[in-house]
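Survey of secondary and tertiary structure
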Amino acid sequence: MNKKSKDSINEFLSSTSGKLGSALLIIFFIISFFVILTYPLDFGTTIWSNPSYWSDYPKSAPPTWTALLGSTGVKHQVIEISEPDEIIDIGSQQQIIYRYKVNYNSDDFPTFLSFSLYNIEYHANPPNVELSILRPDNKELLLYRSIVSPPRPNEIAPFIRYSDSPFRINLSGDNSVSSNLVLALNKDLDEKLLVQDIIGSNEKIIFGTLEQNSINTQKTLSGEYTIIIKFLIHDNSDSISKIRFVIGGTTYGFVGTDSLGRDLYLGLLFGFPVALLIGLTTSTVTTIIGTFMGILSGYRGGKTDIVIQRLSDILSNIPLLPILIFLIFIIGPKLWLVMLILVAFGWPGLTIIVRSMVLQIRSGQSIESAKSLGASEWRIMFRHVFPQLAPFIFAQLIFFTPAAILAEASLSFLGLGDPSIPTWGQILENGFRTGGVYVDFWWLILPPGILIVITAMIFVLIALALEPIVNPKIKKI
């Protein structure tokens with residue numbers, strides 16, 4: 001690295017804007033690499049845009065930390081169990097017991113309860129499943145009992161169930177759960193309950209006091225609950241991969257959920273590499289094309305100059321939005337199409353500016369000396385003209401990056417983004433479309449909006465720090 005480059009780097013890092021912009025950009029890259037390494041490549045289609053994946057999550061729930069600000073609510077809990085607590089041999093059979101203890105201390109009842117089974121494999125007779133819950137008052141309530149679906153005609157062992165999609169039961173509204181609760185409660189109550197008395201409100205019986213016959217006057221029973229799942233298998237090689245028990249709440253996670261129950265934290269994290277991909281790729285390609293066409297137009301002149309400048313004028317005056325809407329209608333909403341359009345209509349402006357600069361540079365002494373030594377036109381353009389333009393071009397690349405990110409966010413906000421790839425613009429658009437502003441669901445609007453602004457500000461800060469390097473005349477004395 002030569003002395004001039006070292007001086008430029010020191011000049012850049014000596015400014016507050018340069019330090020802050022660089023630090024934030026490094027953080028963005030670290031988060032992006034983390035997402036790339038940990039998220040599946042098809043996150044958008046298999047998880048984010050898959051309604052069944054979010055069926056166990058609350059809809060439009062604020063972040064859990066809002067409880068620290070005085071707001072009330074039930075914390076949403078997703079409990080996943082994969083390791084058994086006990087295995088008991090019963091003759092030729094085995095009973096596999098799973099237990100999980102959970103503290104429930106809210107004054108409000110859960111919004112719903114659900115129970116899911118994932119990827120069961122058996123080799124002979126189907127396993128029996130039994131779910132119960134031990135309350136803080138030491139009363140154990142049987143909630144659900146069933147048998148896994150039997151083998152189908154001509155099906156060969158091993159028999160695999162619930163591998164593509166889990167078996168899920170809504171414990172709050174299931175009739176069989178209500179019947180089991182009524183049978184358990186009527187042993188201790190003088191006035192007998194009927195199934196229709198509690199159906200649809202099973203969670204109030206499970207997590208409520210049992211002194212009152214009317215569920216409308218019940219209070220929550222705080223303390224430690226133990227979830228108990230029993231599998232009775234007929235072959236030692238039978239297995240289940242995962243069990244999920246969900247206590248539905250009104251608050252969830254660090255950023256909350258949207259109207260479909262999607263965890264906004266996951267979507268916002270996925271937006272980091274997408275934003276950098278859009279910004280850096282679009283700005284780099286736009287800058288390369290614009291620089292090449294500008295140097296070629298300014299140095300070659302003649303018909304080459306006329307053709308490039310007329311093409312630039314035409315593209316600069318074509319309205320971008322109608323063309324984009326038309327192409328999306330024909331091809332479909334694709335991220336690559338948005339990026340392609342941004343590049344196609346972004347380079348002419350830079351070409352016109354670079355051309356005017358090349359017209360001045362090509363008459364300089366260094367260019368004349370290179371011509372006299374027999375250097376070819378291409379060598380002169382890229383070994384003598386380009387280095388003089390490089391600082392300006394690099395600054396333009398920095399400016400193009402936030403412009404591309406904001407353009408994609410704007411198009412997504414208008415509903416023209418790729419629905420298979422979550423971006424901050426799409427999350428923001430979904431928040432407005434579902435009435436986030438009108439019903440004060442601020443967590444649907446503020447986080448994506450703030451991230452878009454911060455991303456744009458990063459490159460603005462870097463550009464401000466580069467100004468004294470690109471244009472030494474504005475350096476402080």
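Counting restarts for each chain, with residues numbered from 1 along the sequence as it is written. Per-residue local features of the predicted model are confined to residues with pLDDT of at least 70, and side-chain atom pairs are confined, for both listing and counting, to 80 or more; whole-chain, interface and lining totals are unaffected and use all residues. Each side-chain value is worked out from all heavy atoms of the structure, with water and hydrogens disregarded.

1. A short note on the overall build of the protein chain
In plain terms, the rule: Numbering of helices and strands runs from the N terminus; a helix is a DSSP stretch of H or I covering at least four residues, while a strand is a stretch of E covering at least two. Here the globule rule is a power law, 2.2 Å times the number of residues to the power 0.38, and the radius of gyration is based on C-alpha atoms. Contacts: residue pairs with any heavy atoms within 4.5 Å of one another.
Assigned secondary structure in the protein chain consists of 15 helices and 10 strands. Taking 23 Å as the expected radius of gyration for a compact globule of 477 residues, we find that the protein chain reaches 32 Å, considerably beyond that expectation. A principal-axis box enclosing the C-alpha atoms of the protein chain has dimensions of 110 × 60 × 45 Å. Considering only intrachain contacts with a sequence separation of at least 6, the fraction spanning at least 24 residues in the protein chain is 74%.

2. With respect to the packing of aromatic side chains
What counts is decided by this rule: Classification of ring pairs uses Phe, Tyr and Trp, with its six-membered ring standing for Trp, and accepts pairs whose centres are within 6.5 Å; under 30 degrees between planes counts as stacked, over 60 as edge-to-face, and the remaining range as tilted. Using a 1.4 Å probe on the protein chains alone, a residue whose accessible area is under 20% of its type maximum counts as buried, one over 50% counts as exposed, and one in between counts as partly exposed. In this scheme, Lys NZ or Arg CZ marks a charge over a ring once it lies within 6 Å of the ring centre and within 35 degrees of the ring normal.
Overall, the coordinates contain 22 aromatic pairs when judged by the stated rule. Taking 6.2 Å as the distance between ring centres and 80° as the angle between the ring planes, the aromatic pair formed by Trp 48 and Trp 54 counts as edge-to-face. On the numbers, 5.1 Å between centres and 90° between planes, the contact of Phe 272 with Trp 424 is edge-to-face. Here Trp 424 lies in helix 14 (residues 424–433) and Phe 272 lies in helix 7 (residues 264–300), a separation of 152 residues in the sequence. Comparing Phe 272 with Trp 424, the two get one shared label, buried. When the ring centre of Tyr 118 is taken as reference, the NZ or CZ atom of Lys 242 above it lies at 4.4 Å.

3. Details of the pattern of salt bridges
What counts here: The rule for a salt bridge is simple: a side-chain nitrogen of Lys or Arg has to be within 4 Å of a carboxyl oxygen of Asp or Glu.
Summed over the entire model, instances satisfying the criterion amount to 14 salt bridges. In this structure, the salt-bridge partner of Glu 80 is Arg 244, at a minimum N-O distance of 2.6 Å. Of the two residues, Glu 80 is situated in strand 1 (residues 77–81) and Arg 244 in strand 10 (residues 239–247); the sequence distance between them amounts to 164 residues. For Glu 80, a relative accessible area of 40% translates into the label partly exposed. A salt bridge links Asp 85 to Arg 99, with the shortest nitrogen-to-oxygen separation between them at 2.7 Å. A residue pair is termed long-range when its members are at least 10 positions apart, and Asp 85 in the loop between strand 1 and strand 2 (86–90) and Arg 99 in strand 3 (residues 93–104) qualify at 14 residues.

4. Focus on the sheet that holds strand 9 (residues 223–233)
To be explicit about the condition: When DSSP locates at least two bridges between a pair of strands, those strands are taken to pair. The axes used here are C-alpha line fits, helices contributing only the stretch in contact, and every angle between their N-to-C directions lies in the interval 0 to 180 degrees.
Strands sit in the order 2-3-9-5-6 across an open sheet of 5 strands; the sheet is antiparallel. Every other strand in the sheet has two partners, leaving strand 2 and strand 6 (140–147) as the edge strands with one partner each. Within the sheet, the average angular offset between the axes of one strand and its neighbour, ignoring direction, is 20°.

5. Regarding the nonpolar core
Quick reminder of the rule: Residue types Ala, Val, Leu, Ile, Met, Phe, Trp, Tyr and Cys, when buried and joined through side-chain atoms within 4.5 Å, form a set referred to as a nonpolar core.
Phe 115, Leu 143 and Phe 231 are the most contacted members of the largest nonpolar core, which has 44 residues in total. Not counting residues up to four positions away in its chain, the partners in contact with Leu 143 are Leu 131, Ser 132, Ile 133, Leu 171, Ser 176, Val 177, Asn 180, Leu 181 and Ile 206. Ile 398, Leu 428, Leu 444 and Ala 463 belong to the second largest nonpolar core, which has 42 residues in total.

6. So, the environment of Leu 461
Structurally, the position occupied by Leu 461 is in helix 15 (residues 446–470). Accessibility expressed as a relative area gives 13% for Leu 461, which makes it buried. Residue contacts for Leu 461: discarding those within four places in its chain leaves Ser 17, Gly 18, Leu 20 and Gly 21.

7. Considering unusual backbone geometry
Geometrically, the link from Ala 157 to Pro 158 is a cis peptide bond, its omega value of 0° lying close to zero. Within the secondary structure, Pro 158 sits in the loop between strand 6 and strand 7 (159–161). Positive phi, normally seen in glycine, also occurs at Asn 138, with a value near 65°. Within the element layout of this structure, Asn 138 appears in the loop between strand 5 (128–134) and strand 6. Judged by relative accessible area, Asn 138 falls into the exposed class, the value being 66%. Positive phi is not limited to glycine here, since Tyr 162 has a value of about 60°. Relative to the assigned elements, Tyr 162 resides in the loop between strand 7 and strand 8 (167–170).

8. Quick look at the packing of helix 7 against helix 13 (residues 377–413)
The relative placement of two packed helices is expressed as an angle between their axes plus a distance between the axes. Here is the rule: What makes a crossing left-handed is the near helix being turned counterclockwise from the far one by less than a right angle; a clockwise turn instead makes it right-handed. Residue polarity is assigned by list, with Asp, Glu, Lys and Arg as charged and Ala, Val, Leu, Ile, Met, Phe, Trp, Tyr, Cys and Pro as nonpolar; anything else, Gly included, falls into the polar class.
Across the interface, helix 7 lies against helix 13 with an axial gap of 7 Å and an inter-helix angle of 145°. Relative to helix 13, the crossing made by helix 7 is right-handed. Tallied by class, residues from the contact of helix 7 with helix 13 come to 19 nonpolar, 8 polar and 3 charged.

9. Digging into a nonpolar patch on the surface
Short version of the rule: Surface patches are defined over residues having more than 30% relative accessible area and no salt bridge, joining like charges when they lie within 9 Å and nonpolar side chains (Val, Leu, Ile, Met, Phe, Trp, Tyr) when within 5 Å. Residue burial considers only the protein chains on display, and all accessible areas are found by Shrake-Rupley using a 1.4 Å probe.
On the surface, Trp 65, Leu 68, Leu 69, Phe 254, Tyr 265, Trp 442, Leu 446, Ile 450 and Ile 454 cluster together into a nonpolar patch covering about 950 Å² of accessible area. Looking at the nonpolar patch element by element, the count peaks at 3 residues for helix 15. Positionally, Tyr 265 belongs in helix 7. In this structure Tyr 265 comes out as partly exposed when scored by relative accessible area, which is 37%.

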